Structures are given as structure tokens and as C-alpha cells.
Amino acid sequence: MERESGEDEETSSILLVRENPDGDDGGGSSSATAAVVLSTFVAVCGSYVFGSAVGFSSPAESGIMDDLGLSLAEYSVFGSILTIGAMVGAVMSGKVADLLGRRGAMGFSEIFCVAGWIAILLSEGPWSLDLGRLSLGYGIGVLSYVVPVYIAEITPKNLRGGFTTVNQLMICIGLSVMYLVGSIITWRILAIIGTIPCLIQLVGLFFIPESPRWLAKRGRWLDCEAALQSLRGKNADISPEAAEIRDYTEILQQSSQARVLDLFERKYFHSLIVGVGLMVLQQFGGVNGIAYYASEIFESAGFSGRIGSIAMVIVQVPMQVLGVLLMDNSGRRPLLMISAAGTCSGCFLIGLSFLMQDLRVWNSFSPFFAIAGVLVFTGSFSLGMGAIPWVIMSEIFPINMKGLAGSLVTVVNWLGSWIISFSFNFLMNWSSVDTFFMFSCVCGLTVLFIAKLVPETKGRTLEEIQASMNPFTAKR
């Protein structure tokens, strides 16, 4: 224990002493080079695949059920089995990314995604349809972890938040495009379209560098510096950033190999609470209940489901873009707190709408409260709570624990998604009013959680963030 404490203090002193009064330590602040932009684009093709996979089942429902003669129960299995595959992929995602590298993990997952889309395309019955959907789920389970981690590890510290947030933006775009295009073409053509971003990413992976931090972890220092140089520009001085990565990685490598139980040691406790806590609060704030059943919410409130769903898409994408633009200017914490407060207000308005219906008070106004609540929730969630937990997850865990911790956090996210999606109809049958007031309370607790526990990571290198979150590294 004394040895570990000494190592932690040494890590902290190496990293924190680098800061200079002018705030420009050269540790990763630079402009967006063509290599960073291209690498991010290739990575977020995987995010688009994620969104298109989630968005496929809704527009394809009537076509698949009519063509293949599926019952509602069989189609429900097809829709939900994606989450099961994603949870399996999430469990393995950290290990796959550690063994194959970030690029290798993305390529590995896309093989499963392409195979899944082809199986769906050629399906003549429920078995091949479900196997394809399961394979697709496994692929996006791995992608949901490795894409934000890769982007966080390659981007300069002053641009990392905005670039990593593009992950969530592309998920949103993929889902929206699938929903809109799926309404005018057949489900088999829609499956063919689903393979296009997979193939773009598979080809693009040959033209982008591996994560310098993963290369450093593997002891490939020359490759690490070469990747860093290509990302920062041919004439950039990478020596301070390279030295920081080397120092931090070498000290971490003096520790024994990471095990699952090591995650629960006191020195990783803060990071674990923040990473897992944000994912739990994100899902139990009701996002998937609202997203999957928006039409039913509008109709239950006496409003047109189609108009409400279109309005959600119109609000969602611009707010995601605004979040990307604000991320590295305003910081993570303010955006998260504003976003969580907005989702709290949105759920409260929806609950109020159902309460007004139950009490038969202001019946003519209750539909407007419902649609206003859903749009406020959707816009607020898109601004911060959708993307920033993934950004912070990719920043707070040290490289030796990132695989295990990232897998745990990703599994928690998918498990929470499944729990809310599965239970939402039961909750609505129990009490629509209490369901949304409960979601509103969770979102309110999220604001307090962020205020008390979530650190600001804007403008700091990954190594600085990880050292400062270790409770043994603070100098007193």
C-alpha cells in the first residue's frame, strides 16, 4: 500500500507540476489538423451505425411483419434482442479495445455489424432475422465504448470535448435518417443502406493512425510518437505531450496487471462513482421511455403522434450541434447541469399534463403541456446529458484501467436502457402522472450529483484529469 501511495504521488507530481502560470503548457493544445478531422469522421461512422441500428426497427415494423408473417411477439423479440447483443458487446468492449487497439476494435465490431445487416437483408423467417439483429447489437455494443475513447485519446485537450460529442450527434443523425428514409423505402433496401457506413468505416480505418496512448501502453514508443506527430501536424512540437504520455504510462506499468476487483480500490472510487453514476442517472431519467414511446405519449395526451415525433427530430439535431459548439467553451459541468435541469422541467411538464387530464382541469391545454414537456426534455437531453457522460467516461479512467472500467460503465448504460424500455409500459399503466414525476425527481438528483461529484475536465490533458481524480495524489 505504501508503494502504491508513493507511485500515485509521483504520478501526480509529474503531471501537476507541468502547469505554468500562463496556462499554456504545450500539453496537447493545438488546432484541428486534417488528420484529427479525418480520424474523427471515420470513428463516428461507427456512431452513425449505432443510430441507424436503433432506428431501423420502427420504420421496418409493418414491412417485416407483412412480408415474413411475423406476429407482434416475434417482432418484439427482434426489436429487443439488439439490446441483449449490445450488452454482450459492452462486456467485452474494453478487453477487445485493449487487445486489438482502438482501430482494431472498430474494425472487429464492423464485421459483426455488416454480417448482421446481411443476415437481416436475406432473412426469410424470424431465426435469421433475430441472429442478424443480435450480431448487429454486439457490434454496436463494442462501438459504443471504443468510439468516444478513441476520439478522446487522439484530440488536443482544447478540442477534445467538442470532437467527442460528435459521437452522440452522429447517433442522433443515424437514427433520424433511418426513421425518415424508412418511411419511403422497403425494409430490405433500408438494410442495404445500413451497411454503407459500416463499409466506409472499414475502408477508412486503413487511413487513420492508432491511438498514441494505446501504443504507449503497449510499449511502442516510436509508433506512439509517429501517430502523435501525424495527428498534431508535421511541424508541431509534440515533445511536451509525448513526454507526459510516456511518464504517466511508465509509472502505471510499474503496477501489477489490472484485475476486475482493482476497479473497486479506494484510489479509483471517485472515477467509478462519476462514470457509473452519470450512466445510471442518464438512463433512469427516462430518456428511452420518452424516445421509444414518444408517439404513445403524445396520443395519450390527446395530441398527434406523427406531428410530435417530427417536432422531436427538428429539435434534437440543432441542440446536439449547439452542444458540440459549446462543449469546449462553456465546459462540461455547466452544460450538464443546464441539461439535467431542463430534463427535470420537461418530465415535470409531461407529468403535469397527465395530472390535468386525471383531474379534468384545463383539458384543452393539457396536450400542449405534453408536447412542450417532450420537446423541452428532448432538447435539453441533446444539449448535454446525451453526450457528456460518454465524454467524461472517456476522460476519467487511467489507461491501465480504461478497458475494465469502460466495459463496466457501458454495460451499466445498456442495462439501464433495457430496464427502462422494458418497464416503461408497466409504469405508465400503473400511473402516468407518478412515472413522469419520478423521472423528474431523478433528473433533479442528477443536478445535485453533478454539482457535488463531477469534475470539470475542459482544457486539461487526460493524464492531468486522471491524476487529479485519484484521492491519494492530492498534495496537502
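Here the structure is a predicted model, which means the values were calculated and not measured. (Residues numbered from 1 in each chain as written. Predicted model: local features only at pLDDT ≥ 70, side-chain atom pairs only at ≥ 80, totals over all residues. Heavy atoms only, no water.)

A. The nonpolar core, seen in detail. Core analysis: the biggest nonpolar cluster contains 104 residues, and Phe-56, Ile-64, Trp-117, Ile-120 and Ile-140 have the highest contact counts within it. Sorting elements by how many residues they give to this core places helix α3 (residues 72–121) first, with 14 residues. In contact with Ile-140, not counting residues within four places along its chain, are Val-49, Phe-50, Ala-53, Leu-82, Ala-86, Cys-113 and Trp-414. If you look at the next biggest cluster of nonpolar residues, it comprises 10 residues, including Leu-215, Ala-216, Trp-221 and Ile-238. (Core = buried A, V, L, I, M, F, W, Y, C linked by side-chain atoms within 4.5 Å. Buried < 20%, exposed > 50% of the residue type's maximum accessible area, 1.4 Å probe, protein only. Helix = DSSP H or I, 4+ residues; strand = E, 2+ residues; numbered from the N terminus. Contact = heavy atoms within 4.5 Å.)

B. Representation of unusual backbone geometry. Residues other than glycine seldom take positive phi values, yet Arg-360 does so here, at roughly 55 degrees. Locating Arg-360 in the fold gives a position in the loop between α14 (332–359) and α15 (366–385). According to the relative accessible area criterion, Arg-360 is exposed, its value standing at 70%.

C. Region of interest: helix α8 (residues 221–232). Here α8 is 12 residues long and its end C-alpha atoms lie 16 Å apart, about the 16 Å a rise of 1.5 Å per residue gives. Within α8, the full set of buried residues consists of Trp-221, Cys-224, Ala-227, Leu-228, Leu-231 and Arg-232. Seen along its axis, α8 keeps its buried residues to an arc of 125 degrees; they face one direction. Gly-233 lies just past α8 and shows a positive phi near 110 degrees. (Expected span 1.5 Å × (residues − 1). Arc of directions from axis to C-beta.)

D. Local environment of the environment of Val-149. Relative to the helices and strands, Val-149 is located in helix α4 (residues 126–154). Separated by 243 residues in the primary sequence, Val-149 and Ile-392 have C-alpha atoms spaced 9.7 Å apart. Among all residues touching Val-149, those that are not within four sequence positions of it are Arg-102, Met-393, Ser-394 and Lys-402.

E. View of the environment of Phe-348. Along the chain, Phe-348 falls in helix α14. The spatial distance from the C-alpha of Phe-348 to the C-alpha of Phe-437 is 5.7 Å, given a sequence separation of 89 residues. Not counting residues within four places of it along the chain, the set of residues in contact with Phe-348 comprises Phe-437 and Ser-440.

F. Examining the packing of helix α16 (residues 388–396) against helix α17 (residues 402–430) more closely. Following both chains from N to C, one finds α16 and α17 inclined at 160 degrees, their axes separated by 9 Å at the closest point. One way to sum up the angle between α16 and α17 is to call them roughly antiparallel. Seen from above, α16 lies across α17 with right-handed handedness. Residues Trp-390, Met-393 and Ser-394 of α16 pack against Lys-402, Gly-406, Val-409, Thr-410 and Asn-413 of α17. The residue inventory of the contact of α16 with α17, partitioned by class, reads three nonpolar, four polar and one charged. (Axes fitted to C-alpha atoms, helices over the stretch in contact; angles between N-to-C directions. Parallel < 35°, antiparallel > 145°, perpendicular 65-115°, else oblique. Left-handed = near helix turned anticlockwise from the far one by under 90°. Nonpolar A, V, L, I, M, F, W, Y, C, P; charged D, E, K, R; others polar.)

G. Examining helix α10 (residues 269–284) more closely. Given a rise of 1.5 Å per residue, 16 residues ought to cover 22 Å, and the 22 Å separating the end C-alpha atoms of α10 matches this to within 8%. Of the residues making up α10, those classed as buried are Ser-271, Leu-272, Val-274, Gly-275, Val-276, Gly-277, Leu-278, Met-279, Leu-281, Gln-282 and Gln-283. Phi for Gly-286, located one or two positions after α10, is positive at around 95 degrees.

H. Structural view of the packing of aromatic side chains. In total, this model carries 11 aromatic pairs according to the counting rule given. Plain terms: the ring middles of Phe-377 and Phe-381 are 6.0 Å apart, the flat faces sit at 10 degrees to each other, and that makes the pair stacked. With Phe-377 and Phe-381 both in helix α15 and four residues apart, the pair spans about one turn of that helix. Phe-381 carries the same exposure label as Phe-377, and that label is buried. Taken together, the ring pairs in this structure connect Phe-56, Tyr-75, Phe-78 and Trp-117 into an aromatic cluster. (Phe/Tyr/Trp six-rings, centres within 6.5 Å; stacked < 30°, edge-to-face > 60°.)

I. Molecular detail of the environment of Ala-34. Checked against the element boundaries, Ala-34 lands in helix α2 (residues 34–68). Between the C-alpha atoms of Ala-34 and Arg-232, which are 198 residues apart in sequence, the distance is 9.1 Å.

J. Quick peek at the pattern of salt bridges. Scanning the entire structure with this criterion turns up 10 salt bridges. A salt bridge links Asp-98 to Arg-102, with the nearest nitrogen and oxygen atoms 3.3 Å apart. Of the two residues, Asp-98 and Arg-102 both sit in helix α3, four residues apart, roughly one turn of that helix. Residue class for Asp-98 comes out buried when judged on its relative accessible area of 13%. For Arg-102, a relative accessible area of 0% translates into the label buried. The partner of Glu-241 in a salt bridge is Arg-232, and the shortest N-O contact between them spans 2.9 Å. The exposure classification of Glu-241 matches that of Arg-232, with both residues buried. (Salt bridge = Lys/Arg side-chain N within 4 Å of Asp/Glu carboxyl O.)

K. Spatial organisation of the side chain of Ser-176. Within the secondary structure layout, Ser-176 lies in helix α5 (residues 160–181). Taking relative accessible area as the criterion, Ser-176 reaches 5% and is therefore assigned buried. Separated by 2.9 Å, the side chain of Ser-176 and the backbone oxygen of Cys-172 make a polar contact. Discounting residues that sit within four places of it in the chain, Ser-176 has contacts with Val-313, Gln-316 and Val-317. (Polar contact = N/O pair within 3.5 Å; in protein donor to acceptor, adjacent residues only side chain to side chain.)

So, to be careful, I would describe these as geometric facts and stop short of saying anything about function.
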